[in-house]
Each structure stands twice: as C-alpha cells, then as structure tokens.
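So you can see what is in the structure, the chains are spelled out below.
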Amino acid sequence: MAGARFAVVVAAFLLVVSALRQGENQVSLEAAEEMPEEKMLEMRQAAARGLRAMYPLDDYWMEMCQGNAFDPFALADTLQSLIFGEAHEAFPEVAARQDLVDEFNSCFKWEGVSVKALGDIKAPSYNPFKKPFTLPDISGVVKPLREVLDPTVKVCKVLQTCTFKTFETLTLEKASPTVAKGMRDFVADIEFPEIPEELKQVLFDLLLSYFDKASVTIKLPMAVAYLQGLPAPLDMDVASPEFKELASQAMGNTLQGAGPFTHKMLQSTGDKVGAALQEILLAFKDSIAPMSHRELMHQVTAAGIHPKELEDVDGKFMVTIPDVGSGPSGNYFAPVKATASASIGQGHLLRGTVIASGAELVWLKVMRPFLDEKLSEEYRILDSITPAGSNTAKAMLEVKASVRNELDWEQEAHFMRRGFELYHDSEPGLRSVQIHQALPAEKPVVLVMEALGGSTLAGWISKPTQDAQEVCEAARMYGGAFRVWVKEALAGSGFFHGDPHAGNFMMDFSRGVEHGRLTFIDYGNSFEVEDPIAKLSLPFIMLIMGCLFDSPGLAVHAFEWQDIGMKDKAAQEIRQAWADFHVLEGSIGWLAKAKGLVAAWFDAFMSVFGVVVQKIPVALLGSALQGFSEKVHSWVALAPDDFADELQARVVKAFTVLFTYQHSMEFPPGLFGFSRALDLFTNSFKQMREQKGDQLQESGCLFHLQHPMIQIVNAFAHKGATQLVTSSYEETLAGSKKLMKDIISVTWK
C-alpha cells in the first residue's frame, strides 16, 4: 500500500514538472504569461512553501529530501518557486526574469542534473527506508546510501544547493528594481532628528545594504514573506493608487522576513516618515504573520509542555503546564491560530480543561525560532558598515545589547518579577502582569503568564470615547504609572521598564470606570542601574537644568570627563546646536528671582568654560528653580507647547553632541535607555492629549499628562529650591554633587 501511494504521488509530481518543462534541460517563465489569476495566486503560495521548506536553519529540507516524510509535492513547490518566483505583474519590470532562470539552469547543469532527470525518478519496487517492523537504528548508514542511490534525493539536494547559490549573489536591485527603489525612497524620507548624524548614517546604510549583504539566513525568509503576501497579478497603471498600495503591501511583507534588530528599528520610525511611506510600515505592522504550525509545535515541545494534537477538536491542541507548587498547572486547550503575533513571538490564550488547576485562562507567549541566528547575521552586517573604534561603534554596544536582551526570556522573566514587585498596586488601578513560569528553565522559549482583559492603551486611545470620567481615570492611571516609573528609576531601585509606550500597557474598564485597570506588559527591554542617584539621576537632572536655564556649561557639568578641554569644547558645540532656539534663550535672567545675584553671575552662567561655571553659587540655581516652580503653578494645567517642546529639543541636541564625545567622557550606563523611554512616555502623553483633549478639558484632568520633563524638573524644584537658595554663597557648583544627590533622594523618597 505504501509503495502504491508513493507511486501515485510521484506520478502527480511528474505531471507538474512536465507542465513546467521547456526542452530537456531548461525551465522557462513563458508558461506563466497566460495563467489565470487564481492559478498564479496559488503559485505564489506554492513558491513560498517551497522556499520555506529549504530554510538552512531548519531540518525540514532534510526530512523532505531524505526522511520517510519525503513529499514530492514539496519538491515541485520548490522548483516552482524558482520558475515562477518573480512572474507577477504587480511589478511589471520583473514579470519575465529569464536572467535569474538562466543563472539557476547553469547551476543545475554544473551539478550534473537536468530537468529531464526529474522524469527518470521512479518509485522503487522495494522501499528499504520504510521499516515494516522494528529494526535497529541504521539511519547513519541508510541516509548516506540514499543520497548516492536515490535520484530523487540527488535532485532535491541540487535544488537546495542552486537556490542557495542564486540567493547568495542576489541583490535587491537584481531581484526587484521596484522594491529597491522603494527602499531608497523609504530611507530618504526617514527623519531621526534625535540621532547623531554619524549614527544615523550607519542605520541608513544598514537598511540600504541589508538584503545585498545578508546570507540566505535572512534572504530566504524575506523572499518567503514577499511571496506569501503577493496578490494575484493585476493589469494596471503603475502610477495608480491601487498599484502604489499593492507596492507598499509587497515591501511591507518583504520586511517581515528581516531580523529582530531591523524590526525594532522599523517600529521606532513610525512618525518619522512621510505619509506615503507610513503605508509601508502599516503593512509591515499589520501583516506580521504567525509562525508555522510546525514551528509552533517545535517551540512548545522544546519548552517541555508536551503539545498534543486533538483529532476530535478542530483548531486546538493541548499542552500540559508543569506543577511548580503555585500558579496554573495541568492540561490546557490552546488555539492553533495565534491570538496575537509580534516580531519576537506570538501569544495564545489558553483555557483550562477539567483537570487544570489555578487560573482558568492563561497567556502563553511563544518565541519565534532562529531569532538568535538572524540577529547574529544582522550584527555581522552592522559591524561591516560601522567604523571600528568610532563613537558609533561604542554607542551601538548598548543598542545591540538592548535588542539582544529582548531575546533573553530568562532575563525578561526576571524583569517581569521585578516589575510586579515594584509597580503592582503602587497606585490605585495600576498593575503589572504576573509571570508564572519561563520554560525550559535554561534558555526559555515559552512564558506562561497571567491572561489580561481589555485592550492595549494605544488601542483605547485610538477609539472614540465620550465618557469624560473614563478618560480622566485613564489619564490618572497613566500619569501615575509615569510617576512610579520615574521614582524607581531615579531614586529607588534603579529599575525601569525601557519601552513604556501606550502599546505596552493594557487598559481594562470591564469592571466599570471606578474599577479600571492599567497594566504594565512586555518587559523585554528593561534596565536596572546600580547606584541610580549617582550614575543616572545626577547627570540627567543637571543636563535638563542646563537645557532649561540655557547653560551648556551646566549641561555637561555632572558628567565624568577625562579631558577638561574636551568638556569645554562639547559645551561650546551645544551652544551652537541651540542657536535656533529662542523660547528659553537667557531664561536664567527671567526665571531667577534674585535679580542682583543673576546680574553678578549671568555671564558665568552662559559660559562654556568649566572653570567659570563651577564657581557659580548653588544659591543662584535655587533661585532659578524657585522661579520655574512658580511659573509651573501659574499654568493651570500644562506647560505651553512651545516651552515644553523647546526643552525637549534642547535635551535632544545636547545628547547628540555628547554622543560624539564618548571617547573623552564616561557615558552613564542606562542613560540612553532612560532618555529613550522618557521620550516614549512623552509621545504617548501627547497622543492621549490630542485624541482625548475635549474629555480631559471637561473633566479637568489634563494636569495628569503634564510633559514628563516638566514634571521631573518641577518635582526637583519643589523639594530642592529652598535648600539651594538658603545655601551659603561659598557653596558652588564645583562641590555641589553631594548636595544635589541628597535633594534627588528626598525628591522621590
């Protein structure tokens, strides 16, 4: 029976191949020209499946070629991917790429196999590879013999070899000039004003050379993602809106196959590109495909939760969560289809069976396979375009480490426990998601977590809401989340969630407005700074005050410099970078209340020379903080946009300058991550004010969403101004670090 079934499959396979073949040794694209739309769309999917089957990091291609699970149809799909892979009219200039086919044919010939050889494959009369009864394991002997004797295996291996050779030398321009042009336009339209030019150029070079420099580890998934999302060919004008929408979709799909570093970079460009290119990012974010069922089963099996297919239950499988003495355990039903998909992993909402204990609903987060390998490949590309020993190379160490950390789920589980310990119930309604288990214990690929109701805060913000009380509660909880977050980071444990945008909070009003819940989730990018007051708070507070009081000398004062000359030079460059800012220009003069003291020390305060700045009495700083605090209280709810926006812009410009001086100073660990996270809070606060402004005004709750930097400086001023003002004039900035640290400690006690 097995031999007959194999013969039928081979016969069907030969019919497919004969339809594709032109001549004895060549394949051609000509057959694709008159193919119906439905058939062409089917070919796109077949091409994607065929390429996916040969992915070098997986062992599926070995099973396909050598194992008992050999499937000739998968082999046909693979061949189709090379014949029809670019035969589509969505990009007309690549509808007939005979050059790629010729390249493949020459490789096929070099390997000593012709397409005609496919017709010589016959089902063996006796199949020694299908064991009729239990035999000793002799796979180490059988597989090598099969490679030599079985023509099917030989053809299959040649297909893989030639596919890899073709892809290794394939450039984006060669594969698709349209997609290559789309990538150049995309990069040209990105704006990263907060990133130094040197670093920006490296990131742009990475995007432009990414496909060309990558190996099949990344190229193959990009091709698969591209083919999976292609529509049936359409006869249309390339300038038409419909064509442009399809082009954006195709490019967004292509990016699905990239690695985790590129995904994180693209996700951070959201509002930094033009409206036309936002369509590409929207296609990228909206079409993140779940992993294949095979990959899902592989990952949950590796986690030790024993997935079991259920023949009598459609669309579900069962997992067994081990009993560790607390939390959920036992058998749970899991949907085959992911409940949510992201670039690092996907989530499944589990429901307990009658023999499960603990929570009825559990969230299972499953990591995608091969992310480590893809990330290593990306870092190889990144290192090849980053000047060795440069400031960019040094800055990239922290950036690269933060992305690598997101793949370390043992560390994420630790951070989730820290977040639960420090954030949970610290304000009414504020929660942190609870982690139950990380599996397996060594290098986890599955997290068993608390299941949460509601929607993301980002989703809640985007939906119309007429209930002013609900909006006020949401603002109160999100504002409270920020205050708890900043307190822990600056003067508490030094721990902070590094990605606190609105998409990483869950908002739930299902129990009513008075029982609303806002929950921190996704701790992959988090930090814990030792001695945070000295290493994080002091330099950050001094930097902000330097920006607020228009004093570049003060902005660089709290950093540890190896070269004082470089410190003065950096202050001078910050002064130049602030040349176009005028709202806070000379602000020490109109903020400080002690006008006589200001007049005596104004020039010193404006100086870029450290020896001058460090002689300034701290009492002057206290007077300026008093004036600022009074001004904040005179604003009924929020700081004026021009005031807050300029403060933010000055901090960004100062950071940009300091980035180029890392060879001459100690850049505090965690400062870059803290500043980026603060920027995410700022953007989400602004988004919430814009989307829910009428309800916030009606309920008088705008003050909860005051600009984060204004809140930080005002908190420091509230506690520190009096102490600084009453200091002796002999106390200067030169010896102020201990005093400043004491004030910071009291401010966020």
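Definitions and limits used
- Residues numbered from 1 in each chain as written.
- Predicted model: local features only at pLDDT ≥ 70, side-chain atom pairs only at ≥ 80, totals over all residues.
- Heavy atoms only, no water.
- Patch = residues over 30% accessible without salt bridge, like charges linked within 9 Å, V, L, I, M, F, W, Y side chains within 5 Å.
- Areas by Shrake-Rupley, 256 points an atom, 1.4 Å probe, with all protein chains shown as cover.
- Salt bridge = Lys/Arg side-chain N within 4 Å of Asp/Glu carboxyl O.
- Helix = DSSP H or I, 4+ residues; strand = E, 2+ residues; numbered from the N terminus.
- Buried < 20%, exposed > 50% of the residue type's maximum accessible area, 1.4 Å probe, protein only.
- Polar contact = N/O pair within 3.5 Å; in protein donor to acceptor, adjacent residues only side chain to side chain.
- Contact = heavy atoms within 4.5 Å.
- 1 Å grid on protein atoms, 1.4 Å probe; cavity = no way out; pocket = protein on both sides within 12 Å on 5 of 7 lines; lining within 4 Å.
- Points joined across faces, edges and corners; volume = space filled by probe spheres on them.
- Nonpolar A, V, L, I, M, F, W, Y, C, P; charged D, E, K, R; others polar.
- Disulfide = S-S within 2.5 Å.
- Expected span 1.5 Å × (residues − 1).
- Phe/Tyr/Trp six-rings, centres within 6.5 Å; stacked < 30°, edge-to-face > 60°.
- Lys NZ or Arg CZ within 6 Å of the ring centre and 35° of its normal.
- Core = buried A, V, L, I, M, F, W, Y, C linked by side-chain atoms within 4.5 Å.
- Axes fitted to C-alpha atoms, helices over the stretch in contact; angles between N-to-C directions.
- Parallel < 35°, antiparallel > 145°, perpendicular 65-115°, else oblique.
- Pairing = 2+ DSSP bridges.
- Left-handed = near helix turned anticlockwise from the far one by under 90°.

Undergrad: Which residues make up a nonpolar patch on the surface, and what values go with them?
TA: On the surface, a nonpolar cluster with roughly 250 Å² of combined accessible area is contributed by Phe609, Val611 and Val612. With respect to the secondary-structure elements, Val612 resides in helix 27 (residues 610–613).

Undergrad: Any details on the side chain of Ser587? Residues and values, ideally.
TA: Positionally, Ser587 belongs in helix 25 (residues 587–591). Taking relative accessible area as the criterion, Ser587 reaches 0% and is therefore assigned buried. Looking at Ser587, its side chain comes within polar contact range of the main-chain oxygen of Leu548, at 2.6 Å. Apart from the residues lying within four places of it in its own chain, the contact partners of Ser587 are Leu548, Phe549, Asp550 and Ala592.

Undergrad: Got a sec to walk through empty space enclosed by the protein? Specific residues and values, please.
TA: The tally for this structure, following the rule as stated, stands at 2 cavities of 30 Å³ or more. Of the pockets and cavities examined, the second largest cavity occupies roughly 80 Å³. Taken together, Leu172, Val179, Met183, Leu207, Leu208, Tyr210, Phe211, Asp212, Met222, Met251, Thr254 and Leu255 make up the full set of residues lining the second largest cavity. Listing elements by their share of the lining of the second largest cavity, those giving two or more residues are helix 10 (177–188), helix 11 (197–213) and helix 13 (241–256). When residues in the lining of the second largest cavity are grouped by element, the largest group, 5 residues, is from helix 11. Class assignment of the residues belonging to the lining of the second largest cavity gives a composition of 10 nonpolar, 1 polar and 1 charged.

Undergrad: Quick rundown of the state of the cysteines? Include the residues and the values.
TA: Inspection of every chain in the model, using the stated rule, returns 1 disulfide. Across the disulfide, Cys472 is cross-linked to Cys701 (sulfur-sulfur distance 1.8 Å). Judged by the torsion about the S-S bond (-65°), the Cys472/Cys701 disulfide is left-handed. Placement of Cys472 in helix 21 (residues 468–491) and of Cys701 in the loop between helix 31 (693–699) and helix 32 (708–725) is noted, with a sequence separation of 229 residues between them. Each member of the pair, Cys472 as well as Cys701, is classed as buried.

Undergrad: Give a description of helix 18 (residues 391–406) that names residues and reports values.
TA: For helix 18, which comprises 16 residues, the first-to-last C-alpha distance of 24 Å matches the rise-based estimate of 22 Å (1.5 Å per residue) to within 8%. All of the buried residues along helix 18 are Asn391, Thr392, Ala395, Met396, Val399, Lys400, Ser402, Val403 and Glu406. Tucked into the core, helix 18 has its buried residues touching helix 11, helix 14 (260–267), helix 17 (371–385), helix 19 (409–423), helix 29 (641–659) and helix 30 (671–691).

Undergrad: Talk me through the packing of aromatic side chains; I want residue IDs and the actual numbers.
TA: For the coordinates displayed, the defined rule picks out 25 aromatic pairs. For the pair Trp485 and Phe674, a centre-to-centre distance of 5.0 Å together with 5° between the ring planes defines the contact as stacked. Separated by 189 residues along the polypeptide, Trp485 in helix 21 and Phe674 in helix 30 bring together distant segments of the chain. A single burial state applies to Trp485 and to Phe674, both of which are buried. Consider the rings of Phe495 and Tyr523, whose centres lie 6.3 Å apart with planes at 25°: the pair is stacked. With Phe495 in strand 13 (residues 495–497) and Tyr523 in the loop between strand 15 (517–520) and strand 16 (526–528), this pair connects stretches of sequence that are 28 residues apart. Residue classification places Phe495 among the buried positions, given a relative accessible area of 0%. On the basis of relative accessible area, Tyr523 is assigned to the buried category, the value being 0%. Over the ring of Phe211 we find Lys219; its NZ or CZ atom is 5.3 Å from the centre of that ring. Positioned over the ring face of Trp578 is Arg650, at 4.8 Å from the centre of the ring.

Undergrad: Before we move on, can you summarise the nonpolar core with the specific residues and values?
TA: Counting residues in each nonpolar core, the largest one holds 195 residues, and the members touching the most others are Phe261, Trp485, Met545, Phe549 and Ile712. Considering each element in turn, this core owes the most residues, 14 residues, to helix 21. What Phe261 contacts, discounting residues up to four positions off in sequence, is Leu203, Leu206, Leu375, Glu378, Tyr379, Leu382, Met396, Val399 and Val403. Judged by nonpolar contacts, the second largest core, of 6 residues, contains Cys107, Phe108, Val158 and Leu159.

Undergrad: Kindly report on the packing of helix 21 against helix 22 (residues 532–548), identifying the contributing residues and their values.
TA: The contact between helix 21 and helix 22 brings their axes to 7 Å, and the two run at 120°. Comparing their axes, helix 22 and helix 21 come out oblique. Contact with helix 21, carried on its side by Ala489, Leu490 and Ala491, involves Pro532, Ile533, Leu536 and Ser537 of helix 22 and no other residues of that element. Residue composition of the contact of helix 21 with helix 22, grouped by class: 6 nonpolar, 1 polar and no charged.

Undergrad: How would you explain the pairing of strand 14 (residues 505–508) if you had to name every residue and give the values?
TA: By the alternation rule, side chains of strand 14 split into Phe505 and Met507 and Met506 and Asp508, which are all buried. Where strand 14 and strand 15 come together, 4 bridges link them in antiparallel fashion. Within strand 15, the position partnered with Met507 by the bridge is Leu518.

Undergrad: Would you mind going over the packing of helix 22 against helix 29 in detail, with residue names and values included?
TA: Between helix 22 and helix 29, whose axes approach to 9 Å, the crossing angle comes to 120°. In terms of their interaxial angle, helix 22 and helix 29 are classed as oblique. Crossing of helix 22 against helix 29: the hand is right-handed. Between helix 22 and helix 29, the residues in contact are Leu543, Ile544, Cys547 and Leu548 and Phe643, Leu647, Arg650, Val651, Ala654, Phe655 and Leu658, respectively. Here the contact of helix 22 with helix 29 is built from residues that sort into 10 nonpolar, no polar and 1 charged.

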